[in-house]
Amino acid sequence: MDALTLLAAVEDARPALVGGIVREVFSAGMAGLWLELVTARGVESLLVAADEVFPRIARGVPRPPRTRSLAPLAGVARRILPGSRLEALSHRGLDRGLRFEFVSPFPAQGDTGGAGGRWHLVAELFGSRPNLILVDASTGRILEAARHGPPGGGRSLDPGQAYAPPPDTLRPDPLLCRSLETLQAALAPDLAAVGEAATALRLAFVGLTDRWAHEVAAHAGEASPEALARALADLLRRVEVGPWEPHLLLDEDGSPVGLSPIRLRHLPQDRQQPAGSLGDASEHLAGHLTAQRGLTERQRALRQVIRRLEDRLRSRRAKLVEESSEFARADEYRRMGEALVAHQPEIPRGATEARLPDPAQGEEATLTIPLDPAVPLAVNAERFFKAARRGRRGAMRVTARLAETVAEIERAQAWGRRVAAARRLEEFDSLQREIGGIPRLLAPRDRAVLAAVEPSAAPAGRAGGGRAAGASAPAGKKRAAGPVPRRFISSEGLPILVGRDNQGNDHLTLHLSRSEDLWLHTEGFPGSHVVIRVQNRTGGIPRRTLIEAAQLAAYYSQARTHGKVAVSYTLRKYVRKPRKSPPGQVTITQVKTIVVSPDKSLVSKLAAPED
């Protein structure tokens, strides 16, 4: 939430909430509060969150789910705020902080003085450490804060300390520069220095992010102080007084990355999605960012596990190479034993070393053989023969283990590349199942990390995740004993099934498909197995269905960003699973190829209805 979006959220909340009586207070995570207020308009709600994912305020959002533990801030707020009246909501210019002022005619629980209380809930929503601070207005001292300790600048936010606001910035606040001449005077030096409108706006004023600076420049039309100042004043007025047109701001993939209280002129229309209210847009964005943070943490955890696995495998490889060099002397030990037997009469009793010919290495070659003078030469020879036999057996074992370790290192490196490229939940689920499928290679610490980020139980991509956890299947129906594939219906009415991950690919190909079904997969890229169910159809697969299935195969693969993709297809009966091959790997014969372009629109267009 940037300064201008916060300004709109405050102006949206103030007339609806000020004067309301707090009825309930709930925790919104460890750094947030959700308040229910009874106002003249009816029951209203307010969310104030200082979490690091997306600090925000939002009016009219549902109550967050209950948490197992109550944050200290929520505990204090639930003790003193119910029954109090929200007397004011103050916010100065484009400041990062806002203040909710509560007044209660009743003493707080535990107070014995009998007088009512006044409290300020200060929300500092920008910077590296967003925070919520509950302050006793009569003493100015902090009752509790979402985050304690000095966040910088020498301020202390521990309970009992006097609250001090963040230090003022040196740059002017454009909302407090009430005249065009003041805006022009503040902007002109930076514009003359850098020459570029958006950069000059960001340098000249506090509270203008890159997005809003570009919006002002788009409204101005020309890079002059007069035009930019006029456009900035108009934009601030529109954001402050409305009418608002809340929009989610999307990235190139259509995922929300920000929000705006108005439709932006400098962004394409397809990168902006209208929302019902500022609160709706805020919570939609917060949910997406929280999910993305979860994926990022999942990615980080898997990277750590894979990195430690690679380190252990490389250490094992080094030890095996060292053992291999030792076992490589087996042939030399054999020659030493044979030389001792052949030249036994020539070696004096009690010798500690013998220098004997080595015909296997050439006419002039010799062997320097260490001897144990305490035992007969025959015993010395037998020791070398025994070492030779042990070396030959060990060399075979080490060679096999070395080849296995090199293959496991390559597999771990492939996992690392897939983790770096993964963007969807099902990709992380698939990777985690594969890594967890080799417990003999994982240390207890790694298994604990994987257990802490369990793969999702519900099929990814389904709204609501299917049945609630613990719900049983309807009587007479047995659930598929494996990952449920994505289901589509072609334009000609044929079912198309798409595997979700490597385990899902195996389950679809080996257990769900029939011998006469058509099987598809992208050529040269990892991706989903796709099956067209023929349903006792005669006359082959319609051309349009084949193209749609191939486009789905291309989309659900790592070739989805390519313009043209080659897709192999054959009957399911020509698909084989090699013995001991990893999940998702098959061999195919009787192959044909079709070239298509991945089509994202088919995902929603052909999606089968939920069972």
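Just so we're clear, the structure is a prediction, and the values are computed from it rather than from any experiment.

J.: Account for the packing of helix α3 (residues 180–194) against helix α4 (residues 197–204), with residues named and values stated.
T.: The geometry of α3 relative to α4 is characterised by a closest axis approach of 8 Å and an angle of 135 degrees between their N-to-C directions. Our classification of the angle between α3 and α4 gives oblique. The way α3 lies across α4 gives a crossing that is right-handed. Facing Ala-186, Leu-187, Asp-190, Leu-191 and Val-194 of α3, the residues of α4 in contact are Ala-197, Thr-199, Ala-200, Leu-201, Leu-203 and Ala-204. Among the residues making up the contact of α3 with α4, the classes are represented as nine nonpolar, one polar and one charged.

J.: For the pattern of salt bridges, give the residues involved together with the corresponding values.
T.: Enumeration according to the criterion identifies 29 salt bridges in this entry. Among the salt bridges present, the one from Asp-429 reaches Arg-298, with a minimum N-O distance of 2.4 Å. In this pair, Asp-429 sits in helix α10 (residues 425–436) while Arg-298 sits in helix α7 (residues 278–327), placing the two residues 131 residues apart along the sequence. The class for Asp-429 is buried, based on a relative accessible area of 4%. Residue class for Arg-298 comes out buried when judged on its relative accessible area of 6%. Connected via shared salt-bridge partners are Glu-52, Arg-147, Arg-293 and Glu-297.

J.: Please provide a residue-by-residue account of the sheet that holds strand β12 (residues 272–274), values included.
T.: The three strands lie next to each other as β11-β10-β12, forming an open sheet whose pairing is antiparallel. On the outer flanks of this sheet lie β11 (256–260) and β12, each paired with one strand and no other. Strand after strand, the sheet turns through a mean of 30 degrees between neighbouring axes, direction not considered. Where strand β10 (residues 247–250) meets β12, three bridges bridge the pair, whose relative direction is antiparallel. Pairing of Leu-248 across the sheet is with Gln-273, part of β12.

J.: So what's going on with the sheet that holds strand β22 (residues 592–596)? Residues and values would help.
T.: One open sheet holds the six strands; their spatial order is β15-β16-β18-β17-β19-β22, and the pairing between them is antiparallel. Taken across any chain shown, the strands that pair with only one partner, and hence form the sheet edges, are β15 (486–489) and β22. Sheet twist, expressed as the mean angle between neighbouring strand axes with direction ignored, is 25 degrees. Summarising the sheet, strand β16 (residues 495–498) and strand β18 (residues 530–532) pair through three bridges and their orientation is antiparallel. From the neighbouring strand, Leu-497 faces β18, where its bridge partner is Val-531. Along the sheet, helix α13 (residues 543–555) makes contact with β15, β16, β17 (518–522), β18, β19 (565–571) and β22, crossing β22 at roughly 75 degrees.

J.: Provide a residue-level description of the packing of aromatic side chains, including the pertinent values.
T.: Centre distance and the angle of the planes are the two values used to describe a pair of aromatic rings. Going through the model one piece at a time under the given rule, you end up with three aromatic pairs. Arranged with centres 6.3 Å apart and planes meeting at 45 degrees, the rings of Phe-488 and Tyr-556 form a pair that is tilted. Taken as a pair, Phe-488 in strand β15 and Tyr-556 in the loop between α13 and β19 lie far apart in primary sequence, 68 residues in all. Tyr-556 sits in the buried class, given a relative accessible area of 8%. Connected via pairs of aromatic rings, a cluster forms that spans Phe-488, Tyr-555 and Tyr-556. The ring of Phe-26 has Arg-63 lying over it, and the distance from NZ or CZ to the ring centre is 4.3 Å. Positioned above the aromatic ring of Phe-26 is the side chain of Arg-78, whose terminal nitrogen or guanidinium carbon lies 5.6 Å from the ring centre.

J.: Go over the side chain of Asp-517 with me, naming the residues and quoting the values.
T.: Tracing the backbone shows Asp-517 in the loop between α12 (502–512) and β17. According to the relative accessible area criterion, Asp-517 is buried, its value standing at 1%. Once residues within four sequence positions are removed from consideration, Asp-517 is found in contact with Val-531, Ile-532, Arg-533, Val-534, Thr-570, Leu-571 and Arg-572.

J.: Account for the environment of Trp-244, with residues named and values stated.
T.: Take Trp-244: it is sitting in the loop between α6 (225–241) and β10. Between the C-alpha atom of Trp-244 and that of Glu-283, which follows or precedes it by 39 residues, the distance is 17 Å. Residues in contact with Trp-244, not counting those within four places in the same chain, are Ala-8, Glu-11, Asp-12, Arg-238, Val-239 and Pro-261. Engagement of the side chain of Trp-244 in a polar contact is seen with the backbone oxygen of Val-239, the distance being 2.7 Å.

J.: So, the nonpolar core: which residues are in play, and what are the values?
T.: In this structure, Leu-33, Leu-81, Leu-98, Phe-100 and Leu-201 are the most contacted members of the largest nonpolar core, which totals 76 residues. With near-sequence residues (within four places) excluded, Leu-81 lies in contact with Val-22, Val-25, Leu-35, Phe-102 and Trp-119. Listed in part, the 24 residues of the second largest apolar core include Ile-496, Val-498, Leu-518 and Leu-602.

J.: Which residues make up the confidence of the model for the protein chain, and what values go with them?
T.: Close inspection of predicted coordinates is inappropriate in any region flagged by low pLDDT. Looking at the protein chain, pLDDT values average 84 and 90% of them are 70 or higher. Across the protein chain, the element-wise mean pLDDT spans from 79 in helix α11 (residues 444–452) up to 95 in β18. Across residues 456–480 the pLDDT falls below 50, and counting only partners more than four positions away or on other chains, this stretch makes 18 contacts in the model.

J.: Account for unusual backbone geometry, naming residues and giving values.
T.: Note: most residues except glycine have negative phi, and most peptide bonds are trans. Note that the residue after Gly-242, namely Pro-243, is joined by a cis bond; omega there is 0 degrees. Position of Pro-243 among the secondary structure elements: in the loop between α6 and β10. We note that Gln-590 has phi near 55 degrees; this positive angle belongs to a residue other than glycine. Topologically, Gln-590 is positioned in the loop between β21 (587–588) and β22. With relative accessibility at 56%, the residue Gln-590 sits in the exposed group.

J.: Run through α4, naming residues and quoting values.
T.: Residues of α4 that are buried include every one of Ala-197, Ala-198, Ala-200, Leu-201 and Ala-204, and no others. Angularly, the buried residues of α4 cover 165 degrees about the axis, an arc narrow enough to put them on a single face. Turning to α4, the residues buried within the fold contact α3, α5 (210–220) and α6. Its side-chain oxygen at 3.4 Å from the backbone nitrogen of Ala-198, Glu-196 defines the N-terminal cap of α4.

J.: Quick rundown of the side chain of Asp-2? Include the residues and the values.
T.: With respect to the secondary-structure elements, Asp-2 resides in the segment before α1 (3–17). Put simply, Asp-2 is tucked away with no salt bridge, and the nearest opposite charge, on Arg-211, sits 4.0 Å away. A distance of 3.2 Å separates a polar side-chain atom of Asp-2 from the backbone nitrogen of Leu-4. Polar contacts involving the side chain of Asp-2 include one to the side chain of Trp-212, which spans 2.9 Å. If we skip the residues at most four places from it in the chain, Asp-2 touches Phe-126, Thr-209, Arg-211 and Trp-212.

The rules behind each value
- Residues numbered from 1 in each chain as written.
- Predicted model: local features only at pLDDT ≥ 70, side-chain atom pairs only at ≥ 80, totals over all residues.
- Heavy atoms only, no water.
- Axes fitted to C-alpha atoms, helices over the stretch in contact; angles between N-to-C directions.
- Helix = DSSP H or I, 4+ residues; strand = E, 2+ residues; numbered from the N terminus.
- Parallel < 35°, antiparallel > 145°, perpendicular 65-115°, else oblique.
- Left-handed = near helix turned anticlockwise from the far one by under 90°.
- Contact = heavy atoms within 4.5 Å.
- Nonpolar A, V, L, I, M, F, W, Y, C, P; charged D, E, K, R; others polar.
- Salt bridge = Lys/Arg side-chain N within 4 Å of Asp/Glu carboxyl O.
- Buried < 20%, exposed > 50% of the residue type's maximum accessible area, 1.4 Å probe, protein only.
- Pairing = 2+ DSSP bridges.
- Phe/Tyr/Trp six-rings, centres within 6.5 Å; stacked < 30°, edge-to-face > 60°.
- Lys NZ or Arg CZ within 6 Å of the ring centre and 35° of its normal.
- Polar contact = N/O pair within 3.5 Å; in protein donor to acceptor, adjacent residues only side chain to side chain.
- Core = buried A, V, L, I, M, F, W, Y, C linked by side-chain atoms within 4.5 Å.
- pLDDT = per-residue confidence, 0-100.
- Arc of directions from axis to C-beta.
- Lys, Arg positive; Asp, Glu negative; His and termini not counted.

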